[in-house]
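The lines below spell out each chain.
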Amino acid sequence: MKIAIAGFLHETNTFAPTKADFEAFTRGGGYIPLVEGPAMLEAARGVNLGISGMIDAARDAHWEICPLLWAGAIPSAHVTRAAYERIAADIVMRLREALPVDGVLLDLHGAMVAEHLDDGEGALVAMIREVVGKDVPVVAALDLHGNLSRGLIDRLDGAVGFRTYPHVDMAETGARAARMLDRMVRSGRRPAKAFRQMDFLVPIPFQCTDLAPADALYAHAASLDERDDIWSASLFMGFPAADIPDCGPSAICFADTQDAADRGADAIAQRYADAEGSFDATTFDADAAIAEAVRLTHEAAVGPIVVADTQDNPGAGGISATTGLLRAMIAADVENAAIGILVDPMAAALAHRSGIGATLDCRLGGHPDRQDYPSLELRAVVEHLSDGKLHATGGYYGGTHLDLGPSACLRIGGVRVVVTSRIAQTADREMFRFVGIVPEEQSIVVVKSSTHFRADFAPIAAAILVALSPGPMPFDPADLPFTRLRPALRLHPGGPAFGSGTARQEKIQQGETT
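Criteria and cut-off values
- Residues numbered from 1 in each chain as written.
- Predicted model: local features only at pLDDT ≥ 70, side-chain atom pairs only at ≥ 80, totals over all residues.
- Heavy atoms only, no water.
- Helix = DSSP H or I, 4+ residues; strand = E, 2+ residues; numbered from the N terminus.
- Rg over C-alpha atoms; globule rule 2.2 N^0.38 Å.
- Buried < 20%, exposed > 50% of the residue type's maximum accessible area, 1.4 Å probe, protein only.
- Areas by Shrake-Rupley, 256 points an atom, 1.4 Å probe, with all protein chains shown as cover.
- Lys, Arg positive; Asp, Glu negative; His and termini not counted.
- Charge placed at Lys NZ, Arg CZ, Asp CG, Glu CD.
- Pairing = 2+ DSSP bridges.
- Contact = heavy atoms within 4.5 Å.
- Axes fitted to C-alpha atoms, helices over the stretch in contact; angles between N-to-C directions.
- Core = buried A, V, L, I, M, F, W, Y, C linked by side-chain atoms within 4.5 Å.
- Parallel < 35°, antiparallel > 145°, perpendicular 65-115°, else oblique.
- Left-handed = near helix turned anticlockwise from the far one by under 90°.
- Salt bridge = Lys/Arg side-chain N within 4 Å of Asp/Glu carboxyl O.

Re the overall build of the protein
So, step 1. Scanning the protein for helices and strands turns up 15 helices and 19 strands.
So, step 2. Its C-alpha radius of gyration of 23 Å places the protein within 12% of the 24 Å reference for a compact globule of 514 residues.
So, step 3. The 514 residues of the protein split such that 62% are buried.
So, step 4. For the protein, the accessible surface area stands at approximately 18400 Å², while carbon and sulfur atoms represent 50% of it.
So, step 5. In the protein, 44 positive and 66 negative side-chain charges are present, and the distance between their average locations comes to 4 Å.

Below is the structure:
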């Protein structure tokens with residue numbers, strides 16, 4: 001079997017301040033940087049990504065692997081037209097050169113929006129179909145947060161989605177996709193498919209599959225795969241910060257018969273609908289989160305109180321530079337606390353020029369394109385310096401090598417701040433250790449993340465709090481200025497529906513907005 005393998009990943013927050021240009025894909029931002037051809041085989045080795053599981057499964061099945069290109073960039077606003085067309089054209093060109101092939105295996109996200117395309121993945125698969133025709137099977141691994149379109153699913157012969165959030169099963173999902181393609185090629189059969197879009201959004205932290213009700217929803221989807229007549233069944237929670245008609249949750253099922261596929265997809269959709277009233281958890285504003293964390297430190301026998309700065313999560317389009325929680329920590333005069341990562345290349349450079357032990361008067365945080373998130377003027381001591389290179393071995397990054405550029409640990413009173421030059425989601429304890437902070441020994445640890453941090457921090461945390469400090473990624477989708485969603489999509493569980501233009505006004509009347 002000769003199988004072409006490629007990947008092109010981006011989770012697009014259409015409200016974020018910065019777009020993903022070609023350089024964003026060459027940096028990776030938590031992914032492996034853009035890589036082409038046979039170099040993919042080594043670059044993807046031993047990391048938690050769909051492409052890695054695909055390559056491992058391909059080797060186990062003794063395929064002839066035709067690696068084309070893999071590219072991923074940290075979530076942000078739209079992929080620029082120039083970057084999209086350059087990367088897509090390279091994949092298509094390399095695929096033409098590889099012909100003939102017996103199948104195509106794709107590592108995609110499912111929520112990519114380009115400047116000129118609402119459905120980046122659907123357009124890419126359409127190009128691939130033009131090259132290989134309708135008789136060559138095409139199978140994709142997709143992110144749990146995919147905003148899937150009918151056009152994408154119609155063009156694919158098979159698809160599988162992550163079942164965990166934090167996404168600790170990315171490599172395993174790639175392997176499942178590879179096994180599905182292997183079955184198609186060896187049997188000469190294609191499964192029937194069913195696709196359903198559901199009608200309410202869920203805030204990102206409530207989608208965590210370690211918590212109810214998402215844990216049971218994904219266990220149910222996985223159980224359907226155990227039936228002999230079903231090839232794959234997947235639930236996609238969707239990424240709620242995308243102003244496109246296909247934004248939102250969906251279910252897909254591939255099965256021996258259309259009836260079996262329909263029943264599988266309907267069962268997933270019904271379970272999701274039935275759980276609407278169960279998506280709930282406690283959240284805190286910045287000051288309240290720190291006050292509660294301090295209170296809990298007096299009760300905790302061991303381990304830090306971990307606070308998620310969810311509205312500045314760079315894994316969802318945040319800038320990883322807002323200072324609301326840092327201000328609250330300083331105001332509360334907390335001791336033995338750490339926050340990371342704050343992306344500030346100028347502050348990091350100043351720390352490196354000044355050296356360890358120096359006292360700096362500087363501005364920290366903020367973003368030039370977001371004046372509503374100001375920097376913080378402070379005096380800090382340089383405690384540690386780093387070149388920014390680290391090996392993130394926790395459950396989410398799963399062995400990824402990160403390069404965060406010149407970095408430093410700055411201390412303000414009892415608070416230590418991880419300052420970097422490049423952005424990545426704070427989802428690994430090594431993102432504190434590389435500047436001399438031992439997270440297990442802190443009383444309070446604040447992370448710029450919504451959920452992925454749980455994979456590595458939950459095992460050491462005495463408690464986890466979700467903080468709603470001001471940031472570019474609102475916790476509640478109803479706070480986003482949508483204009484293009486499909487009619488009647490509810491903006492949070494049990495909440496107002498899009499379509500009348502009154503959703504935000506309704507929240508204001510209910511006193512829910514700040």
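Re the sheet that holds strand β5 (residues 138-142)
So, step 1. Pairing within the open sheet is mixed, and its six strands lie in the order β2-β3-β1-β4-β5-β6. Only two strands of the sheet have a single partner each, and these edge strands are β2 (35-36) and β6 (158-161).
So, step 2. Sheet strands touched by helix α3 (residues 50-60): β1 (2-9), β3 (64-72), β4 (103-108) and β5. Its angle to β4, the strand with the most contacts, is close to 150 degrees.
So, step 3. Here helix α7 (residues 170-187) sits on the sheet in contact with β1, β4, β5 and β6, set at roughly 160 degrees to β6.

Some thoughts on unusual backbone geometry
So, step 1. The omega torsion across L99 and P100 is 0 degrees, close enough to zero to call that bond cis.
So, step 2. Here the bond from G340 into I341 is cis, since omega is -15 degrees, no more than 30 degrees from zero.
So, step 3. Here I341 is to be found in strand β11 (residues 337-343).
So, step 4. Residues other than glycine seldom take positive phi values, yet H62 does so here, at roughly 60 degrees.
So, step 5. With respect to the helices and strands, the residue H62 is situated in the loop between α3 and β3.

Quick word on the nonpolar core
So, step 1. Within the largest apolar cluster, 149 residues are counted, with the highest numbers of intra-cluster contacts made by F25, V104 and L105.
So, step 2. Take this core: its biggest share by element is eight residues, from helix α4 (residues 81-98).
So, step 3. What V104 contacts, discounting residues up to four positions off in sequence, is A4, L95, I128, V132, V136, P137, V138, V139 and L181.
So, step 4. The next biggest cluster of nonpolar side chains, apart from the first, holds 38 residues, and it includes L342, L360, V419 and A463.

Notes on the pairing of strand β12 (residues 359-364)
So, step 1. Covered by surrounding structure in β12 are L360, C362 and L364 only, the residues T359, D361 and R363 on the alternate face being uncovered.
So, step 2. In this sheet, strand β13 (residues 376-386) lies alongside β12 in antiparallel orientation, the contact comprising six bridges. Within the sheet, the bridge partner assigned to D361 lies in β13 and is R379.

Observations concerning the packing of α4 against helix α5 (residues 120-132)
So, step 1. Two numbers describe how α4 lies on α5: the axes approach to 10 Å, and their chain directions differ by 25 degrees. Judged by the inter-axis angle, α4 sits roughly parallel to α5. Two packed elements cross with a definite hand, and for α4 against α5 that hand is right-handed. Residues Y84, A88, I91, V92, L95 and R96 of α4 form the contact with α5, whose participating residues are G120, A123, L124, M127, I128, V131 and V132.

Details of the environment of S469
So, step 1. Relative to the elements of secondary structure, S469 occurs in the loop between β19 (463-467) and α15 (503-509).
So, step 2. What makes S469 buried here is its relative accessible area of 0%.
So, step 3. Taking the C-alpha atoms as reference points, S469 and T310, 159 residues apart in sequence, are found 7.8 Å from one another.
So, step 4. Non-local contacts of S469, meaning those with residues more than four positions away in its chain, are made with A286, D309, Q311, G324 and L325.

So, the pattern of salt bridges
So, step 1. In the structure shown here, the tally under the stated rule is 36 salt bridges.
So, step 2. Its salt-bridge partner being D90, residue R94 comes within 2.8 Å of it at the nearest N-O pair. Of this pair, R94 and D90 both sit in helix α4, four residues apart, which is roughly one turn of that helix.
So, step 3. For D118, the salt bridge goes to R484, with nearest N and O atoms at 2.6 Å. Of this pair, D118 sits in the loop between β4 and α5 while R484 is found in the loop between β19 and α15, placing the two residues 366 residues apart along the sequence.
So, step 4. On the accessibility criterion, D118 (32% relative accessible area) is partly exposed.
So, step 5. Judged by relative accessible area, which is 38%, R484 ranks as partly exposed.
So, step 6. Among the charged side chains, a salt-bridge network with shared partners connects R429, E430, R433, E440 and D456.

Read these as spatial facts, not as claims about activity.
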